[in-house]
Amino acid sequence: MAAPTEAITPAPASGQPVVVVDDVHVEYRVLATGRAAGAEARGGLLQRGRGTRTVHALRGVSFVAHANESIGVIGSNGSGKSTLMRAVVGLTPTSRGSIHATARPSLLGVGAALVKELSGSRNIVLGGLAMGFTRAEIEAKHDEIVAFAGLEEFIDLPMRTYSSGMTARLKFAIATARKHDILIVDEALAVGDKTFRRRSEDRIREIRDDAGTIFLVSHSMTSIRDTCSRTLWLDRGRLVMDGPTDEVVDAYEARGS
Amino acid sequence: MGQDSRLPVAPPADRVELTRVGARPPLATYLRDVWRRREFAFALARYRIEAENRQNRLGLAWVVLKPLLNAGLYGSIFGILLASGRPDHFVEFLIIGVFVFEFFATSFTSGAKSITANTALVQSLSFPRMTLPLAVVLQRFLQFVPMLAIMLVVVGAFGHTISWTWLLLVPLVLLLLGFNTGLALVTARLTVHVRDLTNLLPFLTRITFYTAGIFYSIEERFADEPVVLRIADAVPIHEFLSLARAILLDGPLYEIRPEYWLYATAWTVGMLVVGSVFFWAAEERYGRTD
Ligand SMILES: Nc1ncnc2c1ncn2[C@@H]1O[C@H](COP(=O)(O)OP(=O)(O)OP(=O)(O)O)[C@@H](O)[C@H]1O
Ligand SMILES: [Mg+2]
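*Asks:* Requested: an account of the packing of helix α4 (residues 90–112) of chain B against helix α8 (residues 197–211) of chain B, with residues and values cited.
*Replies:* All names here are of chain B. Two numbers describe how α4 lies on α8: the axes approach to 10 Å, and their chain directions differ by 160 degrees. Compared by their axis directions, α4 and α8 come out roughly antiparallel. The way α4 lies across α8 gives a crossing that is right-handed. Seen from α4, the contacting residues are F101, F104, A105, F108, T109 and A112; seen from α8, they are L201, L204, T205, T208 and F209.

Here it is as structure tokens:
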């Protein structure tokens, strides 16, 4: 159904291509020694300076993501999942290939905007503004976010006193308070307890049904099976398999054992 | 669904209005985006002050105490060392110098780190990066306001005529804010390219501190050396200091030099334009790991 020829016929409202990743390569140039400060400054000119190593993190990945799709991304540690997601968001430059999207994808990364010294309430405002809400919008959503995170009693305490699960809840609640056209969730649910994981998976499905596109990077095959219709399996920078979640996860698990 | 789409298809990019991810918008659009994020910049500035203050017991008082202690220290050291070369109204002269310089120097140094110190934020959310240096300068500005109040109290307490001309401080402080912003935009980008600059910055601020006439009067000290005076005329921080002192202090040394308004405005406008363009030009570069 999503064959390349689809582009010729007018695409249906749901199922339009929203992200097109075409033969993407990503290479990291890493300095083998941390002290070559002078070489670092000139790193762009020296193609293969002394002590630099090239890590080929993605080697030609192509896929098309459509509206109303939730896509799982699986693979072993270091296979390039986070790199692919950062490239899709535009944070990591591609050395070859191109990435196009209808909207600017957002990484569920609101955590970086938060300040540990401040209370949960303040952080909701800060995180919301960082994601592009206006102040009025974020204040209107405040109670809903607190309720979703289940942090009513703790919301006025500084965030540095929260447990890691509580922090993750708050971050997820803030990040998904906004309507995202393309949302990327990379390992954000790993520390939540069972209740919260279920609640956040519901939220992900909601976003998907609301014409959004979701990428979920996870090592939990249960989460992937429960939330994703389609799954990409990456291995050492290559796309090994791309298809319906059940097939891909079965193959992945068969290989893993 | 979607099984076949991993085939290397030619991207139907032109057909469905797909745009290249992470591309830098044109300058006008960019500045409009920055303006749209003003509440974020403001919240960052305010909350960072709050977070800083929470970490120590005296909290907000430090914002005022630190420069006062600085002024006290420099006052006693240089007041004694340079007893002969002290300008009239030394205490007020020094307080104005130290406070204005504090605003300038903190904007300069923390503005320079505004991108490099927030790599995680830059890497995970998409917003115009200019918001970060702007937030830093705004933060320093908010911290400068109570210092300004103290400055006025001190000057008033030393018996200078309080007059309507003090209102000229408002445009002056706005010019200084603009100048600091432009400078922070330049240094913010420079440190992204050359991290080593962060180590150089304290050194640069110290040079400025000793040469800008904070605790001595350039006009008095170099009265016989017109070349030095002409150079000083072109140094923005000297222009700002001279104007601030001329507005607040009485006495023949503190006549307003109208041409300084012109120079300071030119510096501010120039710095803002150069800083914005220079910072915007590297927008795609910030947060990248290469
Ligand atoms: N900033 C970086 N600089 C240099 N190399 C990097 C960088 N980030 C990732 N890499 C390398 O790229 C490869 C892919 O890393 P990536 O983080 O994408 O893996 P991942 O699939 O997300 O793994 P995990 O399951 O552990 O999260 C690894 O070999 C890693 O060493
Ligand atoms: Mg990862």
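*Asks:* Would you mind going over a nonpolar patch on the surface in detail, with residue names and values included?
*Replies:* Residues and elements named next belong to chain B. There is a patch of nonpolar side chains on the surface, built from L73, I77, L81 and L82 and spanning about 360 Å² of accessible area. Locating L82 in the fold gives a position in the loop between α3 (61–81) and α4. Under the relative-accessibility criterion, L82 is labelled partly exposed at 33%.

*Asks:* Help me get a handle on the environment of A:H180, residues and values and all.
*Replies:* All names here are of chain A. Along the chain, H180 turns up in the loop between α5 (164–175) and β6 (182–186). Here the alpha-carbon distance between H180 and A87, two residues 93 residues apart in the chain, equals 18 Å. Contact partners of H180, with chain neighbours within four places excluded, come to S106, M131, A175, I207 and G212.

*Asks:* So what about the site of ligand 1? Which residues, and what values?
*Replies:* Near ligand 1 lie 15 residues; those nearest to it are A:G78, A:K81, A:S82, A:T83 and A:H219. With respect to ligand 1, its neighbouring residues span chains A and B. A:K81 is positioned with one of its side-chain polar atoms (N or O) 2.7 Å from an oxygen atom of ligand 1. Between ligand 1 and the protein, one listed contact pairs an oxygen atom with a side-chain N or O atom of A:T83 at 2.5 Å. In isolation ligand 1 has 630 Å² of accessible area, and contact with the protein removes 67% of it. Listed by contribution, the elements that provide at least two residues to the shell around ligand 1 are β1 (17–31), β2 (52–66) and α2 (81–89) of chain A. Take the shell around ligand 1: its biggest share by element is four residues, from α2(A). Here the residues of the shell around ligand 1 sort into four nonpolar, nine polar and two charged.

*Asks:* Residue-level account of the pattern of salt bridges, with values.
*Replies:* All names here are of chain A. A complete count under the given rule lists 17 salt bridges over all chains for this structure. Put simply, D193 and R169 hold a salt bridge, and the shortest N to O gap is 3.0 Å. With a gap of 24 residues between them, D193 in the loop between β6 and α6 (194–209) and R169 in helix α5 connect regions that are remote in the sequence. What makes R169 buried here is its relative accessible area of 13%.

About the criteria used
Counting starts from 1 at the beginning of each chain's written sequence and moves along it residue by residue. All chains are assigned letters beginning at A, and all ligands numbers beginning at 1, according to the order in which they are written. With the structure being a predicted model, the display of local features is reserved for residues of pLDDT at least 70 and the display and counting of side-chain atom pairs for 80 or more, all residues being used for whole-chain, interface and lining totals. The basis for the side-chain values is all heavy atoms of the structure; hydrogens and waters are excluded. A fitted line through C-alpha atoms represents every axis, and for helices the fit uses only the stretch in contact; the resulting angles, taken between N-to-C directions, go from 0 to 180 degrees. By definition, any uninterrupted DSSP run of H or I lasting at least four residues is a helix, any uninterrupted run of E lasting at least two residues is a strand, and each is numbered from the N terminus. Just so you know how the angles are binned, under 35 degrees is roughly parallel, over 145 roughly antiparallel, 65 to 115 roughly perpendicular, and the rest oblique. In this scheme the crossing of two helices becomes right-handed for a clockwise turn of the near helix relative to the far one and left-handed for an anticlockwise turn of less than a right angle. Residue contacts follow a heavy-atom distance rule, with two residues in contact if any of their heavy atoms lie within 4.5 Å. A patch is a set of surface residues, each over 30% in relative accessible area and not in a salt bridge, joined within 9 Å for like charges and within 5 Å for the nonpolar side chains Val, Leu, Ile, Met, Phe, Trp and Tyr. Under the convention used here, a 1.4 Å probe and the Shrake-Rupley method define accessible areas, while residue burial counts only the protein chains that appear. Note on definitions: salt bridges are taken to be side-chain nitrogens of Lys or Arg within 4 Å of carboxyl oxygens of Asp or Glu. Three labels apply to residues, based on accessible area from a 1.4 Å probe with only protein chains included: buried if under 20% of the type maximum, exposed if over 50%, partly exposed otherwise in between. What makes a residue near a molecule or strand is one non-hydrogen atom of that residue sitting within 4 Å of it. We call two N or O atoms a polar contact when they sit within 3.5 Å, provided that within protein one can donate a hydrogen and the other can accept it, with sequence-adjacent residues counted only if both atoms are side-chain atoms. Charged residues are taken to be Asp, Glu, Lys and Arg, nonpolar residues to be Ala, Val, Leu, Ile, Met, Phe, Trp, Tyr, Cys and Pro, and polar residues to be all remaining types, Gly included.

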